[in-house]
Each structure stands twice: as C-alpha cells, then as structure tokens.
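# Survey of secondary and tertiary structure
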Amino acid sequence: MAISENELLRKLRGRIGDLIIYQSKGKTCVRRMPEQVTLNPMMLEQQERYAGVAVLYQALKAVGLHEIWRRAVEKEAMSGYNWFVKCNCTAFAKEGCVGDFGKVFLSCGDLPLPDGLRLVQGEGNELALEWEDGAPYPGASEDDRLVVALMRDGRSLEVKVQEGEDWLRERQRVVIRLPTEWKDYRHLFCFFCSAAGDRYSWSRYFLIT
C-alpha cells in the first residue's frame, strides 16, 4: 500500500488498471489488486471441508449450542467459530460432508464426563444412557445435567437437542424417547452441563443402529 499526495488522485475512488484507490483516515491510499490465486486440488478439498464445518456451525447456532464454543474461548484471542473449526475440521471428508462422526464435537469444556458412559438401545424409539457410580471427578457435581443432540446423514447436518429436568449426573441412567419424526437421526451426541449453565463437557458420540 502507498499513500499518495497527488492532488489529481485526491478525489478519486475505485479501480484504475491493476490499482485500487481509496480513502483511509483522511489520506488517499493506493494498492495493487491481489494476484489471482490458482487453487490446487488439495486446497480445493480443504475449502470443501471448511464449508462443511461452517454448515455444521450454523446448525449449532440454530439450537443455541454455538454459545458453548464462544464461552470456551471468551478469554482467549480466538473466536468460538475458529475454535470450533479447529476441533472439527478433521471430521470432514474432502467432499465437504462428515467422514467420521466419531471425530465430531458438538460441545467442549472442562466439565468431566462420567466413567462407563454407554448407550443402551431398547424397543422402538426408546434409548437409555447409563454411566458408572464413581466418585465425581474434581469440578463435577451431582446436579450436572445431561444434554443429548442428534444428527442425521447428509449435507444439511441439522441438529436436534433433547434434555430433561431430571437428567442429572447422580441418576446414572436416563431414558430417552425420541419423537417418531426423528427416526432418521442416527448420530447421537451427549454431554454434561453444569446446573448454572456456565460449564460444559466435551461431547461423546454414539451410533444408533
């Protein structure tokens, strides 16, 4: 970028050839147009991955889960979106769709997950999540709440969230009854949230078969 004192350029705005003329802080500035960048196949694939992550982040915004990521880095020089991209980019295939749901994280944080967390599939639309009755890890509390999020295959990556008032860590088992219209949502993620709603755990993934 160059700062021009030329009186002829002082009132100009826009593009002349490969130069862009604009005003900044009362000064006339001139810079060259950026060179055309040719993307190689690897760069194109990475672009598709980032696009897929962006779609998933928008799905989290629709149900309010993006606030978890914002809170996680509110004291850092990073946005919640950038932290989400960093944690989830490797889960996406080169086509921009999820390649490995086991690498997807819908939540993050320092709240511990309980030991032995497992999915028990019942009849019809009924599921249960169970975990061990061990001594709580430091920072965990018996009134931490379980939250369940579900996704289905495809590029839309829509997210559904379900939680219950009595889904507490101390219970060691919660029963989940999915609405009939959710039958295609086969990817289940669960995580814990503190009673105050200011701390979260990383999510754990299960496939509903």
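Everything here concerns the structure above.
Each value, and the rule that gives it
- Residues numbered from 1 in each chain as written.
- Predicted model: local features only at pLDDT ≥ 70, side-chain atom pairs only at ≥ 80, totals over all residues.
- Heavy atoms only, no water.
- Helix = DSSP H or I, 4+ residues; strand = E, 2+ residues; numbered from the N terminus.
- Contact = heavy atoms within 4.5 Å.
- Salt bridge = Lys/Arg side-chain N within 4 Å of Asp/Glu carboxyl O.
- Buried < 20%, exposed > 50% of the residue type's maximum accessible area, 1.4 Å probe, protein only.
- Core = buried A, V, L, I, M, F, W, Y, C linked by side-chain atoms within 4.5 Å.
- Pairing = 2+ DSSP bridges.
- Axes fitted to C-alpha atoms, helices over the stretch in contact; angles between N-to-C directions.

### Here's the deal with the side chain of H66
Looking at where H66 falls in the secondary structure, it is placed in helix α2 (residues 66-72). In this structure H66 touches Y57, L60 and K61, once residues within four positions along its chain are discounted.

### A few points about the pattern of salt bridges
Scanning all chains against the criterion turns up twelve salt bridges. Ionic pairing is found between K160 and E158, a salt bridge with its closest N-O pair at 3.3 Å. Residue E158 is classed as partly exposed on the basis of its relative accessible area, which comes to 31%.

### Let's talk about the nonpolar core
Counting residues in hydrophobic clusters, the biggest one holds 28 residues, and the most contacted among them are L56, L106, M151 and V159. No other element matches helix α1 (residues 41-63), which puts five residues into this core. Excluding residues within four positions of it along the chain, L106 makes contact with L56, L60, L65, W69, A149, M151, F189 and S203.

### Some details on the sheet that holds strand β11 (residues 204-207)
Overall, antiparallel pairing links the four strands, which are arranged β8-β7-β10-β11 in an open sheet. At either end of the open sheet lies a strand with only one pairing partner, and these are β8 (159-168) and β11. Neighbour-to-neighbour, the strand axes of the sheet open up by a mean angle of 25°, direction not taken into account. Relative to β11, strand β10 (residues 187-193) runs antiparallel, the two being bridged by four bridges. In the sheet register, C190 faces β11, and the bridge partner there is R204. Sheet contacts for α1: β7 (145-151) and β8; angle to β8, the most-contacted strand, approximately 45°.

### A closer look at the side chain of S194
Among the secondary structure elements, S194 is positioned in the loop between β10 and β11. Note on S194: relative accessible area 8%, which makes it buried. Setting aside anything within four residues of it in sequence, one finds S194 in contact with L111, D144, R145 and R199.

### Topic: the sheet that holds strand β6 (residues 126-130)
With respect to topology, three strands assemble into an open sheet ordered β5-β6-β9, the strand pairing being antiparallel. Looking at which strands have only one partner, the edges of the open sheet turn out to be β5 (118-121) and β9 (173-177). Strand after strand, the sheet turns through a mean of 25° between neighbouring axes, direction not considered. Bridge analysis of β6 against β9 gives five bridges, and the strand direction is antiparallel. Directly across from E130, in β9, lies its bridge partner R173.

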